[in-house]
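# Structure at a glance
Given next are the chains, with one letter for each unit.
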Amino acid sequence: MSASSPTAVIAATGLFTPEQSISNAELVEAYNAWAELENARNADEIAVGTREPLTPSSVEFIEKASGIKSRFVLDKTGVLDPERMVPHLPERSNDELSIMAEMAVAAARQAIAAWGKPVSEIGAVLCAASNMPRPYPALSIEVQQALGIDGFAFDMNVACSSATFGLKTAADFIASGSVKAVLMVNPEVCSAHLNFKDRDSHFIFGDVATAVIVESADQAGPGGWDILGTRLKTVFSNNIRNNFGFLNNAAPEGIGKPDKMFVQQGRRVFKDVVPMVSEMILSHANDLGLEPSGLKRLWLHQANINMNEMIGRKVLGRDPEPAENVIILDDYANTSSAGSVIAFHLHQENMAAGDVGLICSFGAGYSAGTVFVRKRG
């Protein structure tokens, strides 16, 4: 495999995982209890045929549809309460570190410790995530302040592709000479925007935060990963959407409706995204002079095991070995932008200097990003 000389290196990564986890069995029990309560509340309408009864969920349905077996969350008590079905995350004062900043800082400190250099060498902080806690001040600036980093910071949101868009942005800053090192964080509190009362999606998401340090190749020490190439793509689609935002206040009749949380047309997404992402990966690899079948590892967005397996087959031209196409869905579920970074952070073992892999994300927008990397000696 060959590619142009890299200018940026992924030097270190970090991961914050919440202490609490919810199994499929626990989630199904809570959903079914809620569904029974709803059916009882609406028994008269169901009896005369003006309302359809809610269908129970099941562990078998979840695992066949997604490959997910459990998910980490910040608060399981609220999620599993049939009278609530949403995490309980108390609002913090303006003088306290916000919950998403706290998660991001924890992941960032792990990455900084692994990097082994002072934060004074970091010139920019990017917060790339699918949801932000507020319009302003930017969460990235809060993280920057908490870590004692100078320079500049800003937030960016491209849904599940935010991390790869962030990696490209970081690499471009370094290539332009703007900074020598960038910290990118991906805090995701997905449990707060998931509708746990929707049987088709109540199992999808989990909470987590990841962090990546990207630095200039001319100052990087041994180890890490050369960034060989980055590419982004967007195509507008309503098949994954969330209509929550400040304009809801100007149309209060819609506040609290299901479209103000995560909504997706799963089958349409599968049909549209798999070929789009597969073709994008193959085209990008060809332009870099890389042979896709020679990729040693795929760290794909962790949305659905069936999507990942199909993309893996299309890219490698065969059924991937388990270690080649990394799956962390079973433990973490879908963690939006953080998923591909979790996979990369946890599964870099047995890779030799010169081995090439792919970090790839895809999601709402539609959006997709590819980052080819090579193990450094």
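In what follows, the accompanying structure is described. (Residues numbered from 1 in each chain as written. Predicted model: local features only at pLDDT ≥ 70, side-chain atom pairs only at ≥ 80, totals over all residues. Heavy atoms only, no water.)

Let us look at the overall build of the protein chain. Check the secondary structure of the protein chain and you find eleven helices and 13 strands. Expected size for 377 residues packed as a compact globule is a radius of gyration near 21 Å; at 21 Å, the protein chain falls within 12% of this value. Referenced to the eigenvectors of the C-alpha coordinate spread, the extents of the protein chain come out at roughly 70 × 55 × 35 Å. Counting across all 377 residues of the protein chain, residues that qualify as buried make up 51%. Sequence separation of at least 24 residues holds for 78% of the intrachain contacts in the protein chain that already meet a minimum separation of 6. Surface exposure of the protein chain reaches about 16500 Å², of which carbon and sulfur atoms provide 51%. (Helix = DSSP H or I, 4+ residues; strand = E, 2+ residues; numbered from the N terminus. Rg over C-alpha atoms; globule rule 2.2 N^0.38 Å. Buried < 20%, exposed > 50% of the residue type's maximum accessible area, 1.4 Å probe, protein only. Contact = heavy atoms within 4.5 Å. Areas by Shrake-Rupley, 256 points an atom, 1.4 Å probe, with all protein chains shown as cover.)

Turning next to helix α5 (residues 99–115). Taking 1.5 Å of rise per residue, the 17 residues of α5 would be expected to cover 24 Å, and the 24 Å separating its terminal C-alpha atoms lies within 8% of that figure. Met 100, Ala 101, Met 103, Ala 104, Val 105, Ala 107, Ala 108, Ala 111, Ile 112 and Trp 115 are the residues of α5 that are buried. Just downstream of α5, Gly 116 is the residue with a positive phi angle, here 80 degrees. (Expected span 1.5 Å × (residues − 1).)

Here the focus is the sheet that holds strand β1 (residues 8–16). Strand order in the open sheet formed by nine strands is β5-β4-β6-β7-β1-β8-β13-β12-β11, and the pairing between neighbours is mixed. What marks the edges here is a single partner per strand, and that holds for β5 (152–156) and β11 (297–300). Adjacent strand axes in the sheet meet at a mean angle of 25 degrees when their direction is disregarded. One ladder, built from nine bridges, connects strand β8 (residues 225–234) with strand β13 (residues 367–375); its direction is antiparallel. Bridging from a neighbouring strand, Arg 231 pairs with Thr 370 of β13. Set on the sheet, helix α6 (residues 139–147) makes contact with β4 (124–128), β5 and β6 (181–189); between it and β5 the angle comes to about 140 degrees. In the packing of helix α7 (residues 162–176) onto the sheet, contacts are made with β1, β4, β5, β6, β7 (207–216), β8, β12 (356–363) and β13, and the angle to β6 comes to roughly 170 degrees. (Pairing = 2+ DSSP bridges. Axes fitted to C-alpha atoms, helices over the stretch in contact; angles between N-to-C directions.)

What follows covers the nonpolar core. In this structure, Val 277, Ile 281, Ile 311, Phe 362 and Phe 372 are the most contacted members of the largest nonpolar core, which totals 48 residues. Counting residues per element, the ones that place at least two in this core are α1 (24–41), α8 (266–288), β11, α9 (305–316), β12 and β13. Looking at this core element by element, the count peaks at nine residues for α8. The contact partners of Ile 281, leaving out residues within four places of it in the chain, are Ile 311, Val 315, Leu 358, Cys 360, Thr 370 and Phe 372. In this structure, Phe 72, Val 182, Tyr 332 and Val 373 belong to the second largest nonpolar core, which totals 37 residues. (Core = buried A, V, L, I, M, F, W, Y, C linked by side-chain atoms within 4.5 Å.)

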